[in-house]
Amino acid sequence: MSKHINPHQARRNFLKMSAAITAMVMTGGAASWLRAAELPHVTDSDATAKMLGYVEDATTTKDARYKTGSQCANCQLYAGNSTGYGPCQLFPGKSVSANGWCSAYMPKK
Ligand code: SF4
């Protein structure tokens, strides 16, 4: 005995499933964004920050390697928004300032 599939019911099921998947993706995306925003900020006392000469405001660095316009927001290792704070690959579990800079700066291509 074959099971009859009502096309209207199948369409309703598909739409329900699509809505559920969309909701999961959106809440997952929002959750990961919130986690990045909640990461503790790298401070001057951080050992890695000292080693790399990290500063929260790139324009305040005295490092001769600094080039005008360089900042975390346009560094390859930064994964945050262009303002505020975001994760940097060199500081796992912490966030750096979008306006920050360190000597490991690598311009985005
Ligand atoms: Fe900022 Fe790039 Fe240095 Fe990370 S590596 S602190 S993103 S300049």
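Residues numbered from 1 in each chain as written. Predicted model: local features only at pLDDT ≥ 70, side-chain atom pairs only at ≥ 80, totals over all residues. Heavy atoms only, no water.

1. Describing the nonpolar core
Let me state the cut-off plainly: Only buried residues count toward a nonpolar core, which is a set of Ala, Val, Leu, Ile, Met, Phe, Trp, Tyr and Cys residues joined through side-chain atoms within 4.5 Å. Buried, partly exposed and exposed residues are distinguished by accessible area as a fraction of the type maximum, computed with a 1.4 Å probe on protein chains only: under 20%, between the cut-offs, and over 50%, respectively. Every residue pair with non-hydrogen atoms within 4.5 Å of one another is taken to be in contact.
By size, the foremost hydrophobic cluster in this structure holds 14 residues, and its most contacted members are V42, Y54, Y78, F91 and V96. With sequence-adjacent residues up to four places away left out, F91 is seen in contact with V42, D46, T48, A49, L52, Y54 and V96.

2. Some remarks on the site of the ligand
Quick note on the threshold: It suffices for a single heavy atom of a residue to lie within 4 Å of a molecule or strand for the residue to be listed as near it. Amino acids outside the nonpolar list (Ala, Val, Leu, Ile, Met, Phe, Trp, Tyr, Cys, Pro) and the charged list (Asp, Glu, Lys, Arg) are all regarded as polar, and Gly is one of them.
Taken together, the neighbourhood of the ligand is formed by Y54, C72, C75, L77, Y78, C88, L90, F91, C102 and Y105. Classifying every residue of the shell around the ligand by side-chain character gives ten nonpolar, no polar and no charged.

3. Some points on the pattern of salt bridges
Definition in use: By convention in these notes, a salt bridge is any Lys or Arg side-chain nitrogen within 4 Å of a carboxyl oxygen on Asp or Glu. Strands here are runs of E lasting at least two residues and helices are runs of H or I lasting at least four, both read from the DSSP assignment and numbered beginning at the N terminus.
Scanning the entire structure with this criterion turns up two salt bridges. Put simply, K94 and D46 hold a salt bridge, and the shortest N to O gap is 2.5 Å. With K94 in the loop between strand 1 (85-87) and strand 2 (95-97) and D46 in the loop between helix 1 (7-38) and helix 2 (47-52), the pair connects residues that are 48 residues apart, well separated along the chain. In this structure, D63 and R65 form a salt bridge, with 2.8 Å as the shortest nitrogen-oxygen distance. Since its relative accessible area comes to 21%, D63 is described here as partly exposed.

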